[in-house]
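Residue-level structure breakdown
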2 protein chains.
Amino acid sequence: MYPKLSLHPAKRSYARGKLFWQCLNDANWLVYTSQAYDCIYEWLSREDRAFLNKELFRPMADFLSIENPQFFNRIHNHSTWGNAAVGMIGLVMEDEDLIERALYGLKNLKSNKISEDNDGGTIYSENQRAGFLAQIDEAFSPDGYYTEGPYYQRYAMYPFLIFAQALSNTSDLKIFEYRDGVLLKAVYALINLTNGSGEFFPINDAQKGMSFHAHSVVAAVDMAYYQSKDPSLLSIAKEQNTVTLDINGFTVARDIDNNKYEPYIKPSIMLTDGPNGNSGAIGILRSYNNEEETSLLMKYGKHGMGHGHFDKLSFCYYVGREEVIQDYGAARWVNIKQKDGGGYLNENKSWAKQTIAHNTVTIDEKSQFKASVKTADLFSPDSFFFSSDNQKVQVMSAVDENSYPGTRLHRTMILLNDSVFSKPLLIDLFNVQSDTAHKVDLPFYYLGQLLEVNFQLSDQKSQILGDDYGFQHLRVEAKGKSPENNSAQLSWIKSNKIYTLTSYSDPDDELLLTQIGAHDSLFNLRRDPGFMIRRNNSKNTSFVNTLESHGNYSPVNERPVNAYGKVDNITIIQNTQDYIATTIQLIDNSRWLIAISLKDNNKSITHKIDYRNEKISWQGPVLVKKFSK
Amino acid sequence: MYPKLSLHPAKRSYARGKLFWQCLNDANWLVYTSQAYDCIYEWLSREDRAFLNKELFRPMADFLSIENPQFFNRIHNHSTWGNAAVGMIGLVMEDEDLIERALYGLKNLKSNKISEDNDGGTIYSENQRAGFLAQIDEAFSPDGYYTEGPYYQRYAMYPFLIFAQALSNTSDLKIFEYRDGVLLKAVYALINLTNGSGEFFPINDAQKGMSFHAHSVVAAVDMAYYQSKDPSLLSIAKEQNTVTLDINGFTVARDIDNNKYEPYIKPSIMLTDGPNGNSGAIGILRSYNNEEETSLLMKYGKHGMGHGHFDKLSFCYYVGREEVIQDYGAARWVNIKQKDGGGYLNENKSWAKQTIAHNTVTIDEKSQFKASVKTADLFSPDSFFFSSDNQKVQVMSAVDENSYPGTRLHRTMILLNDSVFSKPLLIDLFNVQSDTAHKVDLPFYYLGQLLEVNFQLSDQKSQILGDDYGFQHLRVEAKGKSPENNSAQLSWIKSNKIYTLTSYSDPDDELLLTQIGAHDSLFNLRRDPGFMIRRNNSKNTSFVNTLESHGNYSPVNERPVNAYGKVDNITIIQNTQDYIATTIQLIDNSRWLIAISLKDNNKSITHKIDYRNEKISWQGPVLVKKFSK
Ligand SMILES: [Ca+2]
Ligand SMILES: [Ca+2]
Ligand SMILES: [Ca+2]
Ligand SMILES: [Mg+2]
Ligand SMILES: [Mg+2]
Ligand SMILES: [Mg+2]
Ligand SMILES: [Mg+2]
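Residues numbered from 1 in each chain as written. Chains lettered and ligands numbered in written order. Predicted model: local features only at pLDDT ≥ 70, side-chain atom pairs only at ≥ 80, totals over all residues. Heavy atoms only, no water.

Focus on the overall build of chain A
Within chain A one finds 13 helices and 24 strands. At 26 Å, chain A has a C-alpha radius of gyration in line with the 25 Å of a compact globule built from 629 residues. Each principal axis of the C-alpha atoms in chain A carries an extent, and together these give about 90 × 55 × 55 Å. The proportion of buried residues among the 629 residues of chain A is 63%. Across chain A, the fraction of contacts at a sequence separation of at least 24, relative to all contacts at a separation of at least 6, is 64%. Summed over its atoms, the accessible surface of chain A is roughly 24000 Å², and 48% of this surface lies on carbon and sulfur atoms. (Helix = DSSP H or I, 4+ residues; strand = E, 2+ residues; numbered from the N terminus. Rg over C-alpha atoms; globule rule 2.2 N^0.38 Å. Buried < 20%, exposed > 50% of the residue type's maximum accessible area, 1.4 Å probe, protein only. Contact = heavy atoms within 4.5 Å. Areas by Shrake-Rupley, 256 points an atom, 1.4 Å probe, with all protein chains shown as cover.)

Right, here's the structure in full:
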């Protein structure tokens, strides 16, 4: 019956299915149906089995592989589902041919008939490997990071894990030990890529709100626990508050009931990117204060293919359950028909992917790699330094030399804990060096209502900021100049918590208060605010910013607590090709001296600078030193 | 010592205090201190008592009354504190003179030296009564509604109740029975003026988020329970989760512990306004569906003096814990120094009080009463009809003939429950009649992200809508024209719930999508969206709108449920001086026929209209009739 079925009438997929509009959905169906079929396989009569195998399942497996190599034989989450579907039905039918095809891909293919998928991703390249093992090799970094980011990883994990479990039940292939146990590492990576609410950091194309409560993550955690018996996974399972209806979920539920769980403390961690782990990384610093998690993510990994954003060295920041500095996420309402059928909106490309939509520098009003996915996929930044052993001073630092040819971007982010602050102080040093002068824009997409700035603002009547690379979607509401002390301050309130950003600002800097949403009469974009430092004519320049989470307010008792931050001003005392040195002066007259070696990240080398007629020396790339008076 | 104290140096009050910057705060202090003093009065030596009475308390009482008649001798919440302070210290000292003064005011005053308070409120008028009993008479309507609204009532209740309790402990005055028990009615009114989250409806100057969790409301509920022993009050006390440390709180805590509480079901209720209950009203319709409270408030009461808004016939709407159609509230961050010292912002007057800031009609781009408080205080709309006995069809209807001289405004709001809707359908009929042609604007300040409209939108690049009466703060983001079926639809999503507004629209109507925040470079206003129907050249016109709360979405499972509403279109079949008749057609082809008698609100009179060659007749002012096909 299946062989005679024609293709689904909808023609918008690069790999049309038969039961559904794309092969992917047919493969989804087969992954689940294989499990159901396996349950009744022995109970069915031999004739029924033979009939189903011959008329439905084998033809379907062939359709999803031989007849659609552009779907089956690539390194992509679609193919993972295809591989798993073909392999799992092969395991049920004990069809070695299909199992082999699933594990190692189709052989002797000349080329695929279609060169690009619907997202503009490349399908075929020469000497490309294929099959499930190649997917495992290529899809994950050695740390279990999936290059498309956690939103897609959550979706991709299920076929990896369910086929792996099927293989480990039925074969000698020690698949969970394959590549140093990368499949289980991937489950931990996924958990570690969530904020204090269990939601995935919304890097790349990602709909906000997706979290470790998703069914596929419940399945992943249950499978990982069944394999590893790591008691900290039970804490995640407890928060998920549901289990899968199988031996994995049963084991989890039983062991929770027996109080075997231990806390899962999400760590500060650098997750390397790329199959070999040498294509940059995602850095995450975390701090716990009164049980509240503060998490800071900097993205310095790969572009991430068709769903990647031009967001190198961008960051997002969460305090407790609050999103404080946002990554916009995707411009899409998944499955909501009213919004272009639930697919990616035009504004995903025109805004959400562009560099200016991110908390990183945009040079000369153009996106990184001039917004070319093909170029972006060739490069990644390098980790310069990552140190999280000392909870008082955690640092991550990365360098990008490819996003803007001829320009070196070097960002260093520090989470500082000190008794003077109730929450960690975020310190951000962003150095931009080039032989030629550029316009540099650094935005901070804070969320909340602005309370106060310490500089004069003039109304800009929502003038539109530009006409390309996302600038066409930004309105300028108000504009100002640096105050005399070169330290612009902006404070805002969100969900009754109060934050203050202090920005070193040059006298010539333009300080812009923006709003997302110009050229968007369909309201596809959220009307969110931003603060942008625009620095013109820069060759070697540094942006130094601190962000404090300091206060709170209750509209019931109408009392603000710690309404003001502790940082008074920022001074840059040195800015050369080799060093940035800066002081952060607090209102209690204490000071922090921060210095970064920009070129040498050797941990054992000693550096020196002059500071107030003193020689200060330190070891390793970063100095963080407090002066009490 | 007190007599020699000079006035507080801050000069911004119309009645400067000694301990604090205004008499009000000195009076606050004395209300609390009287209670403390009473506790130790018998324990103190006769000499100490005499000293304190003579040197501190009696002079302070005189200062707050005789020396500041403009503070003490008016009908105002400030004076209530003044009366209570003087009376309570009088009760402690057994000073009959002070008690008399507190209850009945100062006698034989010629005039006050100051004619306006800091909010522009009138202080003195001839033959004005004064004192605590006059406050009770004047401040509350017979239903216990306080004309300044619940935000100020919450603050004002404490001196009323604490002084009343002191009086009832020590005198024969049956103060809690005074005026048919209005003080206890006021406590119920306060509770009934909260939404599904226990927050006060933010009419007039009110900071959002203030709720029955406020300390003063805890005290009010505990005192009311102690007096009435109404077990439903214990349910509110349970939600408050705290009690006062006195006999009232003790009684509440003990009786909760003994499980004496019964549910408090907030009713649909009309709270009349004005001392005689004939100055309009606040109408509230409520519906409970799956335990979720839907609440709809229409304001057709008095202006409410200095803190009133020009908002006659405006409404606000809540479903469950969500604010769906907002009243803006006040433009103020109480006690947040960063925002103009925590006082009212300029935008409170330039935006929040203006008619266009409210969900009611603005005529010819001017606020009601041309924004004159003095004129507005003279008039109030009239209730036309209020019916909440039938949970399936609840109706409130009110007429205003004074806000715009020569124009009659008549709004009728219906909450309809029918099995086809999971939540009530809100039906809104707004008739505007005048002998001359006017421009009429009717906005809906929906909260959330727009999903879709069923008409073409053209980008308006944030053009500013006007230059006065609040229009200067509105940007027009996009604009459209009525679709062919005269039924404009707008759907939006907020906190993963989906809503659809369907608006009857004339071919000449302008449909505007607006945003609050123009001319506000200090970001004193929230950037909230609005939808506005602008109808030009109207003499007798009706706006008919329906609002559905129909769907929900989860970003974790990415599935929308009931993403679309049930209303397909709206037809106006009759619009005369005497009747509006309209049909609401649903997508299942059933129809609702709604008709209103605009002039005759007699419940027993029979009306007739022709509809599809049928004579339809009904009794009373409102017809709501379903046709299944
Ligand atoms: Ca679109
Ligand atoms: Ca472009
Ligand atoms: Ca101001
Ligand atoms: Mg992004
Ligand atoms: Mg790259
Ligand atoms: Mg208002
Ligand atoms: Mg009035």
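That covers the picture; the talk isn't over yet.
A few points about the relation of the copies chain B and chain A
The transformation that overlays chain B on chain A combines an axial shift of 0.0 Å with a rotation of 180°, and the residual RMSD is 0.1 Å. Look at the turn and shift together and you get a two-fold axis relating the two. Considering only C-alpha atoms, the part of chain B nearest the rotation axis is Ser462 of chain B, at 3.3 Å. Same-surface contact between copies: 100% of interface residues of chain B are shared with the interface of chain A. (Least-squares fit on C-alpha atoms with pLDDT ≥ 70 in both.)

Overview of the sheet that holds strand β3 (residues 292–300) of chain B
Residues and elements named next belong to chain B. Reading across the sheet, the five strands line up as β1-β2-β3-β4-β5 and stay open at both edges, with antiparallel pairing between neighbours. Every other strand in the sheet has two partners, leaving β1 (269–272) and β5 (322–325) as the edge strands with one partner each. Across the sheet, the mean angle from the axis of one strand to that of its neighbour is 20°, orientation sign disregarded. (Pairing = 2+ DSSP bridges. Axes fitted to C-alpha atoms, helices over the stretch in contact; angles between N-to-C directions.)

Side note on the coordination of the magnesium ion (ligand 4)
Ideal geometry at a metal gives 109.5 degrees between four tetrahedral donors and either 90 or 180 degrees between six octahedral ones. Residues and elements named next belong to chain A. For the magnesium ion (ligand 4), every protein donor is listed as His309 (ND1), Asp327 (OD) and His358 (NE2), and the spread of their distances is 2.2 to 2.5 Å. Sequence spacing among the residues donating to the magnesium ion (ligand 4) works out to H-x17-D-x30-H. You can see Asp327 sitting in the loop between β5 (322–325) and α12 (346–352) and its partner His358 sitting in the loop between α12 and β6 (362–363), a full 31 residues away along the chain. (Donors = N, O, S within 2.8 Å, 3.2 Å for Na, K, Ca; no water.)

Here's the deal with the packing of aromatic side chains
All names here are of chain B. Counted according to the given criterion, the structure contains 46 aromatic pairs over all chains. With centroids separated by 5.4 Å and ring planes inclined at 25°, the aromatic side chains of Tyr32 and Tyr158 adopt a geometry described as stacked. Taken together, the residues Tyr32 in helix α1 (residues 23–40) and Tyr158 in helix α7 (residues 150–170) connect sequence positions 126 residues apart. For Tyr158, a relative accessible area of 8% puts it in the buried group. (Phe/Tyr/Trp six-rings, centres within 6.5 Å; stacked < 30°, edge-to-face > 60°.)

Here's the deal with the environment of Met88 of chain A
All names here are of chain A. Examined against the element boundaries, Met88 turns out to sit in helix α4 (residues 77–93). Its relative accessible area of 5% is what places Met88 among the buried residues. The spacing of Met88 and Gln240 is 152 residues in sequence and 27 Å in space, taken between C-alpha atoms.

Let's talk about the side chain of Arg534 of chain B
Residue and element names in this part refer to chain B. Locating Arg534 in the fold gives a position in strand β17 (residues 529–554). A polar atom in the side chain of Arg534 sits 2.7 Å from the side chain of Asp441. With residues up to four places along the chain from it excluded, the contact list for Arg534 reads Glu365, Lys439, Val440, Asp441, Leu465, Phe471, Asp509, Glu510 and Leu512. (Polar contact = N/O pair within 3.5 Å; in protein donor to acceptor, adjacent residues only side chain to side chain.)

Some remarks on the packing of helix α6 (residues 132–139) of chain B against α7 of chain B
Any two packed helices are characterised by the angle at which their axes cross and by the distance between the axes. All names here are of chain B. Between α6 and α7, the shortest axis-to-axis distance is 12 Å and the interhelical angle comes to 135°. One finds that α6 runs oblique with respect to α7. At the point where α6 passes α7, the crossing takes the left-handed sense. Here Phe132, Gln135, Ile136 and Ala139 of α6 come into contact with α7, specifically with Pro159, Phe160, Phe163, Ala164 and Leu167. Among the residues forming the contact of α6 with α7, the class breakdown is eight nonpolar, one polar and no charged. (Parallel < 35°, antiparallel > 145°, perpendicular 65-115°, else oblique. Left-handed = near helix turned anticlockwise from the far one by under 90°. Nonpolar A, V, L, I, M, F, W, Y, C, P; charged D, E, K, R; others polar.)

Quick look at helix α9 (residues 215–228) of chain B
All names here are of chain B. With 14 residues, α9 should cover 20 Å at 1.5 Å per step; its first-to-last C-alpha distance of 20 Å lies within 8% of that length. A large share of α9 lies buried, amounting to ten of its 14 residues. Ser216, Val217, Val218, Ala219, Ala220, Val221, Asp222, Met223, Ala224 and Tyr225 are the residues of α9 that are buried. For α9, the secondary structure elements touched by its buried residues are α7, α8 (178–192), α10 (231–240) and α11 (247–257). Once α9 finishes, Lys229 follows within two positions and takes phi at roughly 55°, a positive value. (Expected span 1.5 Å × (residues − 1).)

Details of the interface of chain B and chain A
Taken together, the 50 residues of chain B in the interface contact 50 residues of chain A. Between chain B and chain A, the buried area comes to about 4200 Å², and carbon and sulfur atoms account for 53% of it. The largest per-residue losses of area from chain B upon contact with chain A belong to Gln338, Phe523 and Glu558 of chain B, which jointly make up 18% of the total buried on that side. Counting every contact that joins chain B to chain A gives four salt bridges. Taking the shortest distance from any N to any O, the salt bridge between Arg527 of chain A and Glu477 of chain B comes out at 2.9 Å. Applying the counting rule to chain B against chain A returns 23 residue pairs in polar contact (both at pLDDT 80 or more). Of all the elements in the fold, those that place two or more residues in the side of chain B that touches chain A are α7, β11 (449–453), β12 (458–464), β13 (474–481), β14 (487–494) and β16 (510–516) of chain B. (Buried area = accessible area lost by both parts, 1.4 Å probe. Salt bridge = Lys/Arg side-chain N within 4 Å of Asp/Glu carboxyl O.)

A short note on the sheet that holds strand β2 (residues 281–289) of chain A
Residues and elements named next belong to chain A. With antiparallel pairing, the five strands of this open sheet are ordered in space as β1-β2-β3-β4-β5. Strand pairing shows two members of the sheet lacking a second neighbour, β1 (269–272) and β5, which therefore form its edges. In this sheet, adjacent strand axes meet at a mean angle of 20° when their direction is disregarded.

Section: the pattern of salt bridges
According to the stated counting rule, one finds 62 salt bridges over all chains in the structure shown. Taking the shortest distance from any N to any O, the salt bridge between Asp255 of chain A and Arg254 of chain A comes out at 3.0 Å. Arg534 of chain B is the partner of Asp441 of chain B in a salt bridge, and the nearest nitrogen-oxygen pair spans 2.7 Å. One end of the pair, Asp441 of chain B, is in strand β10 (residues 425–444); the other, Arg534 of chain B, is in strand β17, with 93 residues separating them in the sequence. Looking at Asp441 of chain B, the relative accessible area reads 0%, which means it is buried.

Comments concerning the side chain of Glu510 of chain B
Residue and element names in this part refer to chain B. Looking at the element boundaries, Glu510 is found in strand β16. Under the relative-accessibility criterion, Glu510 is labelled buried at 17%. Within the local environment of Glu510, its side chain forms a polar contact with the side chain of Asn536, the two groups lying 3.2 Å apart. The contacts of Glu510, once residues within four sequence positions are left out, are Lys479, Gly480, Lys481, Met532, Ile533, Arg534 and Asn536.

A word on a nonpolar patch on the surface
Residues and elements named next belong to chain A. Where nonpolar side chains cluster on the molecular surface, the patch consists of Met1, Leu5, Leu19 and Phe20 and spans about 330 Å² of accessible area. Mapped onto the elements of the fold, Phe20 is located in the segment before α1 (23–40). Residue classification places Phe20 among the partly exposed residues on the basis of a relative accessible area of 32%. (Patch = residues over 30% accessible without salt bridge, like charges linked within 9 Å, V, L, I, M, F, W, Y side chains within 5 Å.)

Brief notes about the pairing of strand β19 (residues 567–575) of chain A
Relative to strand β20 (residues 579–586) of chain A, β19 of chain A runs antiparallel, the two being bridged by seven bridges. Within β20 of chain A, the residue paired with Asn569 of chain A across the bridge is Gln585 of chain A.

Quick look at the UniProt feature "domain: Heparinase II/III-like C-terminal" (unreviewed entry) in chain A
Mapped onto the present numbering, the UniProt feature "domain: Heparinase II/III-like C-terminal" (unreviewed entry) falls on residues 275–504 of chain A. End C-alpha atoms of residues 275–504 of chain A are separated by 39 Å, and the span's content is 5% helix alongside 48% strand. (UniProt positions renumbered as here; feature names shortened; annotations may be inferred.)

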